[in-house]
Every structure is written in C-alpha cells, then in structure tokens.
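Structural overview
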Amino acid sequence: MILDKFNRAHDYLRISLTDNCNLRCFYCMPEESYDFAPASRLMQADEILKLSEIFVAEGVKKIRLTGGEPLVRKDAGKIISLLSNLPVELTLTTNGTRINDYIHVLKDANIKSLNISLDTLKADQFEKITRRNQFQLVMDNINLLLSEGFIVKINVVVMNGLNDHEINNFIAWTKNIPVQIRFIEFMPFTGNKWSSNQVFSKAQILDIISQKYTFTPILGTIHDTAKGFSIDNHAGNFAIISTMTNPFCEGCNRMRLTADGKLKNCLFSKGETDLLTPLRKGEPILPLIHSNIQSKAKELGGQFTNAIEKIEAIAIENRSMITIGG
C-alpha cells in the first residue's frame, strides 16, 4: 500500500503517454508552436508496463491513460493492450478525435468508460478554443462510443465569459443521451495565463442550472473529485470538479506519472521524482515511489488555498497542463 503522511492510501495512477496533442486548447498548451518532448525522453511501452506492474503490486487498482492526447502516440494501441492484462480498471481521457481508429482496441482491452474533453457544443466555438476544426469528428466519435456500450463522461472546463452560457445546453444534452457532464473549474498551470476572474465556480454553475432544473446530489465516495447530481427523467447526469473553490484533497488517492517518467504526487506539486532514469539503470524504484508520496502536501500541492482571489498564478511552480497529463 502506498500511504502519505496523512494516511491517505494511493491506489489510482494516471499515466501520461505523451505531451503531444493534435488540438491546441489555449488553457492547456502555452502556445500554438510548442516543442514536444523527443521520443527518446518518453517512457517506452515496456517501461510503462514495468512501472505499472510495480504500482499494481503496491495496491493500485485503477490506471488512467492521459496526454496530451494519448491516442496520437503511435504505439498507443500496444500500450493499451499490454496494460489490459493487469488486474486493474483501465480507462483513458481523450479529446475524442482518434476514437474511430481505436474503437476495437478499446473494446478488446475491456475498457468500459472514457472521459472526453469537450468545452462547447458549438462548432465555431470549438474551433476558437482548440484552434482546430474537429468538432463534428468528436461528436461522431462520442456517438460511436455510446452505440458500442461505453460509459462516456464529458469534461467541460467552464470559463467565465467563454462558455458559461452553454452550461444548460450541456444539461439539456443529458435529457435523452446517457452521458455524464463534468463541469471543471479553470485551474492555473504554467503558461495558461490563469486569473481568478476567469474561474466560474461550483456555486455559480449550480445557480445557473437551478434556474432551469431541479437536481439531487448523488452519493459518492471520499475519493471522488467529481461531485455528481441527477435530474429526474434524464438519461444522463452531471457533476462538478471544484478544484479551486471547494477542493477535495482530504480523500485524494491519485498519483501522476508524466510521459517522461516523472512521478508527481499532486497536480499542483512543485517537486517530482524521476522514475525512468533509475528504471533504465536497473536501480530500485519502490523506495522512490514511497518517498515521493510521503512528501505530499496536505492540499493543492502546498502552493495555494481556495481563496482564489489571492492566488498569484505567476508564482506557482509547476509544468504546463499538457506536460503533466491532467
């Protein structure tokens, strides 16, 4: 078991396969022209499997593959197949553009649920946010997943003045379609020009929804980052990830492995531990994992609090979102 000094057990590992992406969402990538890590610096398929086996032996029960966009990696199918043999729940977060190419790989790997990043239901707004004209492809692939029986969760980063007016459009989508909409508060990362006045809070989101719908909280667990709500006679539901205004660090069970093999014990942690170099040298990995998790801060990487108006984003020491893997 992997415990931190606050006795939180860590049994959920998020693995970034690449910092590359075929979209250019401004809140994730620092700029349009971006230098991605060369392949030699990334964990190779067999190295991802070896590290995963170490984590699983220490009690990890769930592995999520992230990016960048995990499915742009050429050997993504091989990695998914390798990890599908481990005794864990395997899933991934994707922008949805490559699902049609990987649908059979996902089914063969017995993946049941996927998170799709989609911040708007309007094609022109999608292009504005992502700087790419891929909206219809994403929607077609979401429908493909649903037709194949996958559980689909839609990740929506809500930003004040950008897409907050679409909140109830997303809720309306759940009327007849069994998707879960996960509204996410805008978070600060290196290069994304975060400011507190861009954050559309959990309270604001619920206020918008309550103007049109009556909803009921869904009983969750202490480990849930997304707090769910149901609406009568709706096939789907919605949830809110309130990292900024109502953090859920008390029950955190997550670890993050970046594409270049660095272990982060929090999305906002300053420090990280290199696992790839010692793995390649044949050195012990387990003590490094336990030491890293033991150093985990109580909340929010120890870098700020939920008093968001006092946060100085430029002072936060971290990577860009795309190099962490979310």
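Read on for an overview of the structure. (Residues numbered from 1 in each chain as written. Predicted model: local features only at pLDDT ≥ 70, side-chain atom pairs only at ≥ 80, totals over all residues. Heavy atoms only, no water.)

Some details on the packing of helix H1 (residues 45-57) against helix H2 (residues 76-83)
- Where H1 meets H2, the axes come as close as 10 Å, and the angle between the chain directions of the two elements is 25 degrees. Taken together, the axis directions place H1 and H2 in an arrangement best described as roughly parallel. Considering the relative orientation of H1 and H2, their crossing is right-handed. Listed contacts from H2 to Ala-45, Ile-48, Leu-49 and Ser-52 of H1 are Lys-78, Ile-79, Leu-82 and Leu-83.
- Each residue belonging to the contact of H1 with H2 can be placed in one class, and the counts come to six nonpolar, one polar and one charged. (Axes fitted to C-alpha atoms, helices over the stretch in contact; angles between N-to-C directions. Helix = DSSP H or I, 4+ residues; strand = E, 2+ residues; numbered from the N terminus. Parallel < 35°, antiparallel > 145°, perpendicular 65-115°, else oblique. Left-handed = near helix turned anticlockwise from the far one by under 90°. Contact = heavy atoms within 4.5 Å. Nonpolar A, V, L, I, M, F, W, Y, C, P; charged D, E, K, R; others polar.)

Here we look at helix H9 (residues 286-294)
- Listed as buried for H9 are Ile-289, Asn-292 and Ile-293. The buried side chains of H9 occupy one side of the element, clustering within an arc of 95 degrees when seen end-on. (Buried < 20%, exposed > 50% of the residue type's maximum accessible area, 1.4 Å probe, protein only. Arc of directions from axis to C-beta.)

Re the pairing of strand E1 (residues 12-16)
- Among the five residues that make up E1, five are buried, leaving the element largely enclosed by the rest of the structure.
- Residues Tyr-12, Arg-14 and Ser-16 point to one face of E1 and Leu-13 and Ile-15 to the other, with burial holding for every one of them.
- Summarising the sheet, E1 and strand E2 (residues 62-66) pair through five bridges and their orientation is parallel. Residue pairing in the sheet places Ile-15 in a bridge with Leu-65 of E2. (Pairing = 2+ DSSP bridges.)

Overview of the pattern of salt bridges
- Considering all chains together, one arrives at eight salt bridges under this definition.
- Here Arg-41 ties to Asp-260 by a salt bridge, and the two come within 3.8 Å at their closest N and O atoms. With Arg-41 in the loop between E1 and H1 and Asp-260 in the loop between strand E10 (254-257) and strand E11 (262-264), this pair connects stretches of sequence that are 219 residues apart.
- Classification of Asp-260 as buried rests on a relative accessible area of 9%.
- One salt bridge in this structure joins Lys-262 and Asp-260, with 3.5 Å as the shortest N-O distance. Neither residue differs from the other here; Lys-262 and Asp-260 are each classed as buried. (Salt bridge = Lys/Arg side-chain N within 4 Å of Asp/Glu carboxyl O.)

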